[in-house]
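# Geometric and topological summary
So the chains spell out like this:
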Amino acid sequence: MRILFCVMLFVSSIAAAQNRQVDISALSPQLQDELKKQFPFLKSGNPSKADLDQLIRLLVLQEQYETVQMNLEMKGASEVYHLNVGRTRRISSLSIQGAHYFSESDLRTELGVAEKAVFDQQTLIEAGDRIRRMYMERGFRNTVIDLEFARMSPTEVNVTMKIKEGPQSRIRNIELKAANPEFRQQFERFLINKLEDEPLNDQILNNLRKDARERFSKKGYLKAELVGPQVNFNSDESRADLSFSVANTDQYFIEFKGVTRKGLGTLKDALELDQFYSPNPNIGPELATRLKNYYLKEGFARVEVSGEEATMRQAYQKAVILNVKEGPLVKIKDIQLIGVQAAPEKYYVEFLKDHSSELIQDGYYNREDFETGLKNLVIDRQNQGYLRAKVISTKTTYTGEKKDEIVITVNLDEGPRTLLQDLSFEGNNSISSEQLAKLLGFQANEPLRLNKLEEGIGKLKEFYQNSGFLEMRLTNEREDLVRYNSDSTQASVHFKINEGPKIQVASILIEGNSITKDSVILKELEFKEGDVLTPHLIEESTRRLQRLGHFNSVSIKTLEEKTQIQQRTVVIRVLDRDPGLFTMGAGVNSELGITVRGYIGIAYRNILGTGRGASARAEGNYNIDKVKFLERKVTLGYLEPYLFDTRVKGRINYTLAEYVSNYEARQGTQLKQISYTLEQAVTSNLITSYDLWNSSQIRTFPLDEDNEKIERTEVVIVSTGPTVDFDYRDHPFNPTKGSFTRVNLEYSSPRLGSSREVDYIRTYGNFTHYHSLRRAGWVWANSLRGGYIRNYSREGGVPYDLKGFTLGGQTTIRGFQPDEAFPNEHEFFPDPADKDKTTRDYPLTTSASMYLLKSEIRFPLFGPVGAAAFYDGGAVFVESLGFSDPYRDAVGIGLRYATPLGPVSLDLGYKLDLKEERNESQWPIYFSIGTF
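Scanning the protein chain from N- to C-terminus turns up 18 helices and 41 strands. If one aligns the C-alpha atoms of the protein chain with their principal axes, the spans along those axes are about 110 × 90 × 80 Å. The burial tally for the protein chain puts 42% of its 932 residues in the buried class. In the protein chain, the proportion of contacts linking residues at least 24 apart, taken out of those at least 6 apart, comes to 60%. Accessible surface computed for the protein chain: about 48300 Å², of which carbon and sulfur atoms make up 50%. The average position of the 119 basic charges and that of the 127 acidic charges among the side chains of the protein chain differ by 2 Å.

This part covers the sheet that holds strand β15 (residues 390-399). Taken together, three strands build an open sheet; the order of strands is β14-β16-β15 and the sheet is mixed. Looking at which strands have only one partner, the edges of the open sheet turn out to be β14 (331-338) and β15. Direction aside, neighbouring strands of the sheet carry axes that sit 20° apart on average. Note that β15 and strand β16 (residues 405-413) share nine bridges and pair antiparallel. Of the residues in β16, the one forming a bridge with Thr396 is Ile408.

This next bit is on helix α14 (residues 450-466). Taking 1.5 Å per residue, 17 residues should reach 24 Å; α14 reaches 24 Å between its end C-alpha atoms and fits that length. Taken together, the buried positions of α14 are occupied by Leu453, Gly456, Ile457, Leu460 and Tyr464. Relative to the axis of α14, the buried residues are bounded by an arc of 100° and lie together on one face. Exposed side chains of α14 directed beyond 90 degrees from the buried face belong to Glu454 and Glu455. Residues of α14 that are buried make contact with α13 (433-440), β18 (473-474), β19 (482-484) and β20 (490-498). At the C-terminal side of α14, Gly468 shows a positive phi close to 105°.

Model confidence for the protein chain is summarised by a mean pLDDT of 87, while 95% of its residues fall at 70 or above. Note on residues 1-17: pLDDT is under 50 here. Beyond four places in sequence and across chains, it has 35 contacts.

We now examine the pattern of salt bridges. In this structure the tally under the stated criterion is 45 salt bridges. Where Glu148 meets Lys162, a salt bridge forms, and the shortest distance between an N and an O atom there is 3.1 Å. Taken together, the residues span a long stretch of sequence, with Glu148 in strand β6 (residues 144-153) and Lys162 in strand β7 (residues 156-164) at a distance of 14 residues. Here Lys162 falls in the partly exposed class, since its relative accessible area comes to 31%. Note that Glu524 and Arg544 form a salt bridge whose closest N and O atoms lie 3.1 Å from each other. Taken as a pair, Glu524 in helix α15 (residues 518-524) and Arg544 in helix α16 (residues 535-548) lie far apart in primary sequence, 20 residues in all. Residues Glu524 and Arg544 agree in their burial class; the two are buried.

Using a relative accessible area of 2% as the deciding quantity, one classes Arg544 as buried. Leaving out residues up to four positions away in the same chain, Arg544 has contacts with Glu524, Glu526, Arg647, Ala681, Val682 and Thr683.

Our focus in this paragraph is the sheet that holds strand β23 (residues 567-576). If you walk across this open sheet you meet the three strands as β21-β23-β22, and the pairing is mixed. The strands lining the two open edges of the sheet, one partner per strand, are β21 (504-511) and β22 (551-558). This sheet shows a mean twist of 15° between the axes of neighbouring strands, independent of strand direction. Summarising the sheet, β22 and β23 pair through seven bridges and their orientation is antiparallel. Bridged to Ser555 within β23 is Arg573. This element, α16, spans β22 and β23 of the sheet and lies at about 160° to β22.

Residue Pro229 is reached from Gly228 by a cis peptide bond, and omega for that bond is 15°. Note on placement: Pro229 falls in strand β9 (residues 225-233). Note the cis peptide between Phe822 and Pro823, where omega equals -5°. Along the chain, Pro823 turns up in the loop between α17 (800-803) and α18 (825-828). The phi dihedral of Asn248 is positive, around 55°, even though this residue is not glycine. Considering the arrangement of structural elements, one finds Asn248 in the loop between β10 (239-247) and β11 (251-257). Given the relative accessible area of 46%, Asn248 is considered partly exposed. One non-glycine residue, Tyr316, lies in positive phi territory at about 65°.

This part is about the packing of α13 against α14. Taken N-terminus to C-terminus, the directions of α13 and α14 make an angle of 130°; their axes are 9 Å apart at the nearest point. Here α13 is positioned oblique relative to α14, judged by the angle of their axes. The chirality of how α13 crosses α14 is right-handed. For the pair α13 and α14, contact is made by Gln435, Leu436, Leu439 and Leu440 and by Lys452, Gly456, Lys459, Leu460, Phe463 and Tyr464, respectively. Counted by class, the contact of α13 with α14 contains six nonpolar, two polar and two charged residues.

A cluster of nonpolar side chains, Val588, Ile594, Val596, Tyr622, Ile624 and Leu630, forms an exposed patch at the surface whose accessible area comes to about 480 Å². Relative to the elements of secondary structure, Leu630 occurs in strand β27 (residues 630-640).

A few words now on helix α9 (residues 284-297). Between its terminal C-alpha atoms α9 stretches 20 Å, which fits the 20 Å expected from 14 residues at 1.5 Å a residue. For α9, the set of buried residues is Gly284, Leu287, Ala288, Leu291, Tyr294 and Tyr295. Buried positions in α9, seen along its axis, are confined to an arc of 120° and lie on one side of it. Packed against the buried residues of α9 are β11, α8 (264-271), β12 (304-311) and β13 (317-325).

Next up on the list: the packing of helix α6 (residues 181-195) against helix α7 (residues 202-218). The N-to-C vectors of α6 and α7 enclose an angle of 145°; their axes lie 11 Å apart at closest approach. Considering how the two elements wind past one another, α6 and α7 form a crossing that is right-handed. Contacts from Phe183, Phe187, Phe190, Leu191, Lys194 and Leu195 of α6 reach α7 at Ile204, Leu208, Asp211, Ala212, Arg215 and Phe216.

Here we take up the side chain of Ser793. Position of Ser793 relative to the elements: it lies in the loop between β34 (779-791) and β35 (798-799). Since its relative accessible area comes to 11%, Ser793 is described here as buried. For Ser793, the residues in contact, after removing those within four places along its chain, are Arg756, Glu757, Val758 and Asp759.

Reading guide: rules and limits
Residues numbered from 1 in each chain as written. Predicted model: local features only at pLDDT ≥ 70, side-chain atom pairs only at ≥ 80, totals over all residues. Heavy atoms only, no water. Helix = DSSP H or I, 4+ residues; strand = E, 2+ residues; numbered from the N terminus. Buried < 20%, exposed > 50% of the residue type's maximum accessible area, 1.4 Å probe, protein only. Contact = heavy atoms within 4.5 Å. Areas by Shrake-Rupley, 256 points an atom, 1.4 Å probe, with all protein chains shown as cover. Lys, Arg positive; Asp, Glu negative; His and termini not counted. Charge placed at Lys NZ, Arg CZ, Asp CG, Glu CD. Pairing = 2+ DSSP bridges. Axes fitted to C-alpha atoms, helices over the stretch in contact; angles between N-to-C directions. Expected span 1.5 Å × (residues − 1). Arc of directions from axis to C-beta. pLDDT = per-residue confidence, 0-100. Salt bridge = Lys/Arg side-chain N within 4 Å of Asp/Glu carboxyl O. Parallel < 35°, antiparallel > 145°, perpendicular 65-115°, else oblique. Left-handed = near helix turned anticlockwise from the far one by under 90°. Nonpolar A, V, L, I, M, F, W, Y, C, P; charged D, E, K, R; others polar. Patch = residues over 30% accessible without salt bridge, like charges linked within 9 Å, V, L, I, M, F, W, Y side chains within 5 Å.

Set out below in structure tokens:
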């Protein structure tokens, strides 16, 4: 919304003595009467600036005027403020017609405009142009966007977007023109596979050129360049025939001469031929330069490389011959410092070794790396107060019979050390100089360190912003912040501060929520009217609104940005997301041979705009190899977002499921579960929940009706307890840094409604940390989990298969199939007479515990495809049972394909302690969506 405040206030020394009046005759009589009741100064005169600000704000927010202009005129000894207003028009309805290729929700998201937003014709035209480009990117070359505006009242406009999509241009025939017939045959098929039947657009052609360039280089066509295409359309432009051409189709082969200390494969990798292209007539010198740079970085400081081209017998083939004189691998014999320095020479030598490169650290020489160390040394000295420090010169001297050692002499002049003489502030009207000086922590006569000065500037800005001065700035940050005496031995730091207004929330305006009610948005805000506004409150409110899942976009700004107005209107702009969600899918995984999976779900996440949600989901699994039993699960859910008008959420879930609980014994389980849970997002990083009442009725049965070994049993477990999540990840599905912690406590007892033999307390914790490594895209993920359960029943024990701990499988220790999870039946029942018993038959009468460690290094391969290497290990302990080998572990590798909902993972595990007597598999394979 564009609001123009044009308040022309002329204040003089005698203004208070004059009779000031406000002329509001431009408003309707009814509104004039209402305003006179609310603002007494309209009758009595002599308004203050704050009075005028309050009047303008009311006209803008409540009456929705787009412009409020107040002009001051002198009439004799009186001042008269003439009020002129322009009415704000808003979009009362927004409809989209004629769209077939894109969904209406996708188009509305791209528009960025919704009902209730301020009507701005230019903004809508620009949005329509974005829609047209959106169609262009999908091959719709002739899409026409018509916008119709129907004025329903002075303040309401109906907007209709009519879309004539036209035909989608698809690529049919592809031709490649090239002098080299082998090249033409090979790459024409490549073009056809890439383009045929694809929509014609710039993106697909740009991607093609990039892929073709890489493919040409990998095959040795180092000078080939794809030109075109020429495009021929049919009559309605639904079909496009493309013609490309390629010049310079010679294939190059690389030969090395004089190489003794490096492998040929290593040298080819160093040339990076898959990323090489050159239009130069002779590419030999370019490749020679690449190879020389590689040798230099490896410490061969005296290497010489030359390159030349030679023709070969076969047409369209050439050789590049790289002649290499490797020379010795040059070691750094000594680093000597001369000039004026304050610290011992050893300090500078060690600093240069540690801040140049790994090669320098290993004792070998490379000029560029050593110069990097010199630059870092100068910065370090400046940070220590030697602001005029500089390297005067460097000298290198080769020694030894083979000239394989080097002595480096560095002439470093630190200059005088600059001490802080004075610290002063200007413009700090709201905060005392003493308070600011204490915040910065600067001391008189201490060295002036540039890094500490930079940190101080950041502290100063952060302090002001957190105090409500959002627009505070240092007017002399780039110049005159530091002043030196004649010989730079003393410095004065003088901060010129423009505080700006201390911003308070006078009112809150919400825009764009055509579905969600204002009350939902207001409940999620961390501030209210009258609060001082800070960046933290804005960021926290934005995160809370985004986490609701109701909006495609959220922004929070003040209406009077970059003005001196203190009492401001905070504008919350949102764009509602389609609250309806329908999902379905099917797949196959490798569990127990082949298992077919399928699901269908429906949800509505914002009923009547109140934030209430309801969902239903049905799942089915069928193992066609071993079990042949249809596992099914139905889940119904309801969310009440604001219990008792608070941020506490109430959730009800009902689940009905039948699944295979023991594959070897062919035992099935039926589950009926209902839970009532309270949830609250205390902050954007801290989420708590409490299961008020979680009731599960579990019944076991044989999968085969004639199987008399499986006893039909039934148990009821009713539990209660809290769960706390600390989420500091940078992304919920594809994290690269941060951490996630979850702690759960569960208590069950017959007093709550459980079966008489069920009385226990159970706790489980999980901490996962993500660390971005120095190499781009590399992430090291580590997870530590632990659990403990204690039985308190005297009449039985906790059913171990339901609440006990087992490890093995995709979510715990990869390398174990689900039917290989441990501890297993043989460890609970070692007596051969009990061979038909399962973990269901073991009541935990004492206690059990577990711990699990998962470590994984993830790294990119190409595009969205990545890989991982992992280690998983853990152990389970049961009091009164001594397992011979409680700790089991595995290693493995995996592939990852990144999606917005987490990576699609294919993992191959390897047991480090295979137990052949249990018929365990050595190389389990897992396919899943998501990872830890």
